[in-house]
Each structure stands twice: as C-alpha cells, then as structure tokens.
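Remarks on the overall topology
Listed here are the chains, written in short residue letters.
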Amino acid sequence: MRINFSFLFYLFCSFLFIIIQTSVIPTSSLGKFTPDFNLILIICLAIRTEIPYLFTLAMLNGFLMDVFSTGALGLHTVTRFAVFLTLRVSMHNLNYNRNNPLLLPLALFIGTLLMHLLLLILLLVKQDSGQAAFLSVELAFYQAIINTVVGVPIIMLLRKLDGIPKT
C-alpha cells in the first residue's frame, strides 16, 4: 500500500513541478538562475529504489516537458531519461548509502551537468546551431549550482512527505 502511495505521490509531484516550471515561474523572470524542478524530481527518482515503474515516471516527466516546451519533440525525453538511467545505474553499482549527506548535492550537480552535455550533443547532431548557441559551460555550471541549492531541500521535503525509511 505504501508503494502505491509513493508512486501516486511522485506522479502528483511531477505534474505540480511541471506546472510550476512552465507557467508559474517562466524562464524569463530569473534567466539563467531558474531552477529546473523537473530535473530535480527525476534525480530524486533515480536515487529512490522501492517504487515500481520508476522508468515510466521518468519518461513521463521528460515527455511532459517536451509537450510544454517549445523545443524539439523528444529532446527532453531522451536527455532526462538518460540522466535518470545513468544516475540509477551508477548509484547502484557503487553501492551507495542513501543517508550519505554528500549523495544528494553530488547527484544533483553531476546530473545537471550531464543533462546539459547530452542536450548540447543532441542539438549539435541535429545541427540546430541556433538552440545550441544558448548552451555554454558557464550556463551549465550556473544551472548545476542553482539545482543543487534548490534541489537538496526539495528532495529532503519529498522524502519527509513520502516517508522513505532511514535505512
């Protein structure tokens, strides 16, 4: 029963974060200092282990970002799912401890940098230099720092509301 609640809870949070990110906080208001709530939730899901169908939830998050954004369809789905898979596989292969205080900031920082790298590669392969010109190393680091600062309290709050066990 707790697992079903967790899935529905994260599904609701997905819709809520996407609505906040696409309509309440437009990217023009904060510029490069806008946190990516959807990516923060996907990284939270990558660290999480007990919920079934996490892959579906991560793909749905990327797809919803594609639907609500003006970019190329499938771009967010591919990049965010790749970040999810990379973090999920690497965390489990490293035998991580979920209670390690460095895990959340490190996962958020690396996940954001990885997403920007994948986005740049896909835009260059697509030969869309107009959109690729907006991506830079400076922007990736700003976004990684902002996502880390904003994401750690959000993930801790989600864990508190979800009731993830301490072990």
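All figures in this text were calculated on a predicted structure; none of them were measured in a lab.

**A word on the confidence of the model for the chain**
Looking at the chain as a whole, its pLDDT mean stands at 80, while 78% of the residues score no less than 70. Ranking the helices and strands of the chain by mean pLDDT puts helix α3 (residues 37–47) first, with 89, and helix α7 (residues 129–132) last, with 56.

**So, the packing of α3 against helix α4 (residues 54–68)**
With their axes 10 Å apart at the nearest point, α3 and α4 run at an angle of 170° to one another. When the axes of α3 and α4 are compared, the pair comes out roughly antiparallel. Here α3 contributes N38, L41, I42 and L45 to the contact with α4, which in turn contributes L54, L57, A58, N61 and M65. Looking at the contact of α3 with α4 residue by residue, the class counts come to seven nonpolar, two polar and no charged.

**Regarding the packing of aromatic side chains**
Summed over the entire model, instances satisfying the criterion amount to seven aromatic pairs. Judged by centre distance (6.2 Å) and plane angle (65°), the ring pair of F55 and F81 falls under edge-to-face. In this pair, F55 is assigned in helix α4 and F81 in helix α5 (residues 75–93), connecting sequence segments 26 residues apart. Judged by centre distance (5.4 Å) and plane angle (90°), the rings of F55 and F84 are edge-to-face. Here F55, found in helix α4, pairs with F84, found in helix α5; they are 29 residues apart in sequence, far enough to count as distant. For F55, a relative accessible area of 40% translates into the label partly exposed. Among the aromatic residues, those joined into a cluster by ring pairs are F55, F81 and F84.

**Topic: the environment of V150**
With respect to the secondary-structure elements, V150 resides in helix α8 (residues 137–162). Residue classification places V150 among the partly exposed positions, given a relative accessible area of 26%. Sequence separation between V150 and F37 is 113 residues; the distance between their C-alpha atoms is 8.7 Å. Excluding its chain neighbours within four sequence positions, the residues that come into contact with V150 are P35, F37 and I40.

**A closer look at the pattern of salt bridges**
Applying the stated criterion to the full structure yields one salt bridge. For R80, the salt bridge goes to D36, with nearest N and O atoms at 2.8 Å. Taken together, the positions of R80 in helix α5 and D36 in the loop between α2 (27–30) and α3 put the pair 44 residues apart, joining distant regions of the chain. For the pair R80 and D36, one class covers both residues: buried.

About the thresholds
- Residues numbered from 1 in each chain as written.
- Predicted model: local features only at pLDDT ≥ 70, side-chain atom pairs only at ≥ 80, totals over all residues.
- Heavy atoms only, no water.
- pLDDT = per-residue confidence, 0-100.
- Helix = DSSP H or I, 4+ residues; strand = E, 2+ residues; numbered from the N terminus.
- Axes fitted to C-alpha atoms, helices over the stretch in contact; angles between N-to-C directions.
- Parallel < 35°, antiparallel > 145°, perpendicular 65-115°, else oblique.
- Contact = heavy atoms within 4.5 Å.
- Nonpolar A, V, L, I, M, F, W, Y, C, P; charged D, E, K, R; others polar.
- Phe/Tyr/Trp six-rings, centres within 6.5 Å; stacked < 30°, edge-to-face > 60°.
- Buried < 20%, exposed > 50% of the residue type's maximum accessible area, 1.4 Å probe, protein only.
- Salt bridge = Lys/Arg side-chain N within 4 Å of Asp/Glu carboxyl O.

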